[in-house]
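# A closer look at the structure
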Amino acid sequence: MTEKKSIFLRVMLISSLIVIAAVVIFVELLLVQSEMKGSLGQNDPIVALREVPSPRGNIYDVKGNLLATSMPVYTIAIDATQSSDTLFNNNYRDLATGLSEIFGDLTSSEYANKLRSARRNNKQYLRLQSGVRYSELQQVKDLPILKRGRYKGGFVYTQQSNRTKPFGYLCDRTIGYGREVNDVGIEKAFDEHLKGKSGQQMMQRINGGVWKPLSNKQDVEPEAGADVYSTIDIRMQDIAQTALLRSLEKYQAESGSVILMDVKTGAIRAISSLQRTEQEKYAENFNYAFGAAYEPGSTFKLASLLVALEDGKVDTATIVDTKNGVFKFYDKTMKDSNSHRGGHGEISLGRAFEVSSNIGIARTIVDIYEDKPQEFIDRLARLGVSNKLDFELLGEAEPWIKNRSDKSWSGVSLPWISYGYELEMSALQILALYNAVANNGELVKPYLVDRVQSGEYVVTGSKTVEILKPSICSEKTISILQDLLEGVVENGTATNIYSKKYTCAGKTGTAKIASQGSYGSEYRASFAGYFPAEKPKYSCIVVVTKPKKELGFYGNVVAAPVFSEIRNLLYAEESIEVPELVAEIDNYIGLAHEINSIHKELDYSMSSQTQSNTLVRSDKFNFETLEFETNLMPDLSGMSSMDALFLLENMGIDVEVKGKGRVRKQSLPAGLEIKQNQRITLRLS
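Residues numbered from 1 in each chain as written. Predicted model: local features only at pLDDT ≥ 70, side-chain atom pairs only at ≥ 80, totals over all residues. Heavy atoms only, no water.

This brings us to the overall build of the protein. Helix and strand counts for the protein come out as 21 helices and 30 strands. In the protein, which comprises 685 residues, the proportion classed as buried is 47%. Of the contacts made within the protein by residues no fewer than 6 positions apart, 68% connect residues no fewer than 24 positions apart. A total accessible area of about 35000 Å² is found for the protein, and carbon and sulfur atoms account for 48% of it. (Helix = DSSP H or I, 4+ residues; strand = E, 2+ residues; numbered from the N terminus. Buried < 20%, exposed > 50% of the residue type's maximum accessible area, 1.4 Å probe, protein only. Contact = heavy atoms within 4.5 Å. Areas by Shrake-Rupley, 256 points an atom, 1.4 Å probe, with all protein chains shown as cover.)

Right, here's the structure in full:
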């Protein structure tokens, strides 16, 4: 009985100890669980589901060239407490030498000092380098100590994503920067597509603030972002941006912008805005091309003349007196460019546009609309020049044209608006108008992104041409404006960029810049136009702000050469069809044998036959005999100056020609009997 009692007591004792141990363990588990819950509820948890960023989509140009992509980069560090004393002391100098050779930012002795200091202070996380490329990471993994791994060598590395642009500064601002805060450009506007969908992964926080992934069934894989295919052509971007930069540097300008656009579709092939920095360099710090509205000056004369012509109030032959280049509207004096001293006097309205006469355009508009200025403003508004284009990128400037109801409206508002003051537009908005003229009146919406695509799946389909206005005016007015824009280059303010081979059309602009309510001596030079002149393919605008006045500030001097350089290089790059340099034979007057030789040279067969010395009028395939009574003055109205001269000189008449173009008036009326040594004066349109 005594032995049984002893066994029972021992069993009871052991059982009691087991129960006590179980209770202690249970209490400890409750305490640990409570601590974990409290820790997970704090800002710095030990274990947590953490967001895994998705790979950001790429941005491409129109030909598939990569404009922006995400590259993996790494941050490498060392836990200086992990390695043994022997391993560390025997190898840290070799490690320091290897790090110095790979990264070159510190000397081997500087790296060695950092490693020794971390070891001495038991530092569990010493960052060695950030932004490490994959190839560099592989080299680091082979270095002494670190090649022993996480637990024996203390090597720690984490991966991040770095947004890079293979073409560097080209189209920098338009592409954007992929920043989390204050981003711009395509990166900002299409962020929802580019960023994809983040995943989640269970991670544990270890020493040094490093998060170690844990295996967990609840992990969610990130979804990669979609790719954005832009309309930019990086080769054209290089041409346009380089040409703009060259002008800014030459004239020491404050800023400038250039846009190159496809005429038929509105697709933007190049866009750049450069601004002078404190280091006297130029960088894309703000997108002036569409984000800044300003007084355009003479490039706006196209809109004013369009309204006047479309209303049928004038034609290009209408004579306007520009005086001696100075004219007073109420209490304010308007001047024409002092590049033509003494003024232009009496000239046709068409010529006033070609030579960019402020007075010529302003007097014409005032004569028509002085009693009904709001009608002029409303007509401009119907053109769309006071509406935003709803451009894809954020930050498009709001256009503004002074209204008759504005408190600041005065007697000089109408003439000043007519040539580009007391109104504001962005470069992109002005270009849209010129592009419409090039596009035979069809106003298309400029756009920058063609499609968004995720793998083979097209998220948003290829962009279709968006027509804002089927026609901004009649075909007749468009034809007149096209001729006038060609005339600006051939006979007007932009003759310095004229080329028989590389044809173009456009308008110069030179506007004073207002500062604190008055106009000083700072200027904005511009040129807007298109090429080729016959079958326009590209439209382009160049704006240069605050060039040094002593170096040059006129639109034809500062801005037009940028346009010309882009035009010339694209003719060569794209093999744009160059018009044949042949005589104009449509409605051409001459002797039959001379015209026949022209037709043979052009490989045209003639369907009519006549005597070789007969006077004829020709089209491309036929000619008709012209009969004039040799003793009577012919009706010359509508003839070109060349044809009129040919005809009259063959009749023995002395001719004086005034102006350019076609015959508008003749001093001797048709049907008058011709006398010997008679003289006639022809006024051309």
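This is not the end of the story, as more comes after the structure.
A few words now on a nonpolar patch on the surface. Nonpolar side chains collect at one region of the surface, where Val19, Val23, Phe26, Val27 and Leu30 lie side by side and expose about 450 Å² of accessible area between them. When you line up the elements, Val19 lands in helix 1 (residues 2–40). For Val19, a relative accessible area of 51% corresponds to the exposed category. (Patch = residues over 30% accessible without salt bridge, like charges linked within 9 Å, V, L, I, M, F, W, Y side chains within 5 Å. Salt bridge = Lys/Arg side-chain N within 4 Å of Asp/Glu carboxyl O.)

The next thing to look at is the sheet that holds strand 28 (residues 654–658). On the basis of which strands lie adjacent, the open sheet formed by three strands has the order 28-30-29 and mixed pairing. This sheet does not close on itself; its edge strands, each paired only once, are strand 28 and strand 29 (663–666). Geometrically, the sheet is characterised by an average inter-axis angle of 30 degrees between neighbouring strands, direction not taken into account. The pairing of strand 29 with strand 30 (residues 679–684) spans three bridges and is antiparallel. Residue pairing for strand 30: Gln666 is matched across the bridge by Leu682. Helix-sheet contacts for helix 21 (residues 641–650) involve strand 28, strand 29 and strand 30, and the interaxial angle to strand 30 is about 170 degrees. (Pairing = 2+ DSSP bridges. Axes fitted to C-alpha atoms, helices over the stretch in contact; angles between N-to-C directions.)

Attention now moves to the sheet that holds strand 24 (residues 538–545). As summarised here, the arrangement of the six strands in space is 11-10-9-24-23-22, forming an open sheet in which the pairing is antiparallel. Edge positions in the open sheet fall to strand 11 (282–283) and strand 22 (505–515), since each of these has one partner strand only. In this structure, strand 23 (residues 518–531) lies alongside strand 24, joined through eight bridges in antiparallel fashion. What sits directly across from Ala528, in strand 24, is Ile541. On the sheet, helix 9 (residues 234–251) packs against strand 9 (255–262), strand 10 (268–276), strand 11 and strand 24 and is oriented at approximately 30 degrees with respect to strand 10. The sheet strands contacting helix 19 (residues 560–574) are strand 9, strand 22, strand 23 and strand 24, and the helix crosses strand 23 at an angle near 20 degrees.

Formed by 121 residues in total, the largest nonpolar core has its most connected members in Leu380, Ile472 and Ile566. Among the elements that take part in this core, helix 16 (residues 427–438) stands out by supplying ten residues, more than any other. Counting 25 residues, the second largest nonpolar core, distinct from the first, contains Ile76, Tyr111, Ala118 and Leu137. (Core = buried A, V, L, I, M, F, W, Y, C linked by side-chain atoms within 4.5 Å.)

Next up on the list: the packing of aromatic side chains. Following the criterion strictly, the structure yields 20 aromatic pairs and no others. With centroids separated by 6.2 Å and ring planes inclined at 85 degrees, the aromatic side chains of Phe329 and Trp416 adopt a geometry described as edge-to-face. Taken together, the residues span a long stretch of sequence, with Phe329 in strand 13 (residues 326–329) and Trp416 in helix 15 (residues 413–418) at a distance of 87 residues. By the burial criterion, Phe329 is buried, and Trp416 matches it. Put simply, the rings of Phe327, Phe329, Trp416, Tyr419, Tyr421 and Tyr519 touch in pairs and so form one group of aromatic residues. The ring of Tyr151 is capped by Arg150, whose NZ or CZ atom sits 5.6 Å from the centre of that ring. It is Arg451 that lies over the ring of Tyr229; its NZ or CZ is 4.0 Å from the centre. (Phe/Tyr/Trp six-rings, centres within 6.5 Å; stacked < 30°, edge-to-face > 60°. Lys NZ or Arg CZ within 6 Å of the ring centre and 35° of its normal.)

Another aspect to go through is the environment of Ile361. By secondary structure assignment, the location of Ile361 is in helix 13 (residues 358–369). The spacing of Ile361 and Leu302 is 59 residues in sequence and 9.8 Å in space, taken between C-alpha atoms. In contact with Ile361, other than residues within four places in its own chain, are Lys301, Ser304, Leu349, Phe353 and Ser418.

What follows is about the pairing of strand 22. Where strand 22 meets strand 23, ten bridges bridge the pair, whose relative direction is antiparallel. Across the sheet, the residue bridging to Thr508 is Phe527, located in strand 23. Here strand 22 hands over to strand 23 after two residues, with Gln516 in that stretch at a positive phi of 55 degrees.

This part takes up the pattern of salt bridges. Tallying each qualifying case throughout the model produces 21 salt bridges. Across the pair Arg235 and Asp238 runs a salt bridge, and its minimum N-O distance is 3.3 Å. Of this pair, Arg235 and Asp238 both sit in helix 9, three residues apart, roughly one helical turn. A relative accessible area of 38% places Arg235 in the partly exposed class. The exposure class assigned to Asp238 is partly exposed, which follows from its relative accessible area of 24%. Among the ionic pairs, Asp390 bridges to Lys445, the shortest N-O distance being 3.5 Å. With Asp390 in the loop between helix 14 (373–383) and strand 16 (400–401) and Lys445 in the loop between strand 18 (443–444) and strand 19 (449–454), this pair connects stretches of sequence that are 55 residues apart. Overall, the relative accessible area of 56% leaves Asp390 in the exposed class. By sharing partners, the salt bridges in this structure join Arg56, Arg163, Glu187 and Asp191 into a single network.

Okay, the side chain of Ser298 next. Topologically, Ser298 is positioned in the loop between helix 10 (288–291) and helix 11 (301–310). Looking at Ser298, its side chain comes within polar contact range of the side chain of Ser356, at 3.2 Å. The contacts of Ser298, once residues within four sequence positions are left out, are Ser356, Asn358, Tyr419, Lys507, Thr508 and Gly509. (Polar contact = N/O pair within 3.5 Å; in protein donor to acceptor, adjacent residues only side chain to side chain.)

It is worth spelling out the packing of helix 11 against helix 13 at this point. The geometry of helix 11 relative to helix 13 is characterised by a closest axis approach of 11 Å and an angle of 35 degrees between their N-to-C directions. By crossing handedness, the relation of helix 11 to helix 13 is classed as left-handed. Between helix 11, through Lys301, Ser304, Val307 and Ala308, and helix 13, the contact on the second element is made entirely by Asn358, Ile361, Ile365, Ile368 and Tyr369. Class assignment for the residues of the contact of helix 11 with helix 13 results in six nonpolar, two polar and one charged. (Left-handed = near helix turned anticlockwise from the far one by under 90°. Nonpolar A, V, L, I, M, F, W, Y, C, P; charged D, E, K, R; others polar.)

All right, on to the environment of Tyr530 then. Along the chain, Tyr530 turns up in strand 23. Between the C-alpha atoms of Tyr530 and Gly506, which are 24 residues apart in sequence, the distance is 6.3 Å. The residues contacting Tyr530, other than those within four sequence positions of it, are Tyr434, Ala438, Gln482, Leu485, Cys504, Ala505, Pro536, Tyr538, Ser539 and Phe563.

With that settled, consider the packing of helix 11 against helix 17 (residues 475–491). In contact at an axis separation of 10 Å, helix 11 and helix 17 are set at 140 degrees when each is read in the N-to-C sense. Between helix 11 and helix 17, the crossing angle belongs to the class labelled oblique. Crossing geometry of helix 11 relative to helix 17 is assigned as right-handed. Across the interface between the two elements, Leu302, Leu305, Leu306, Leu309 and Glu310 from helix 11 touch Thr477, Ile480, Leu481, Leu484 and Leu485 from helix 17. Residue classes in the contact of helix 11 with helix 17 are distributed as eight nonpolar, one polar and one charged. (Parallel < 35°, antiparallel > 145°, perpendicular 65-115°, else oblique.)

So, to be careful, I would describe these as geometric facts and stop short of saying anything about function.
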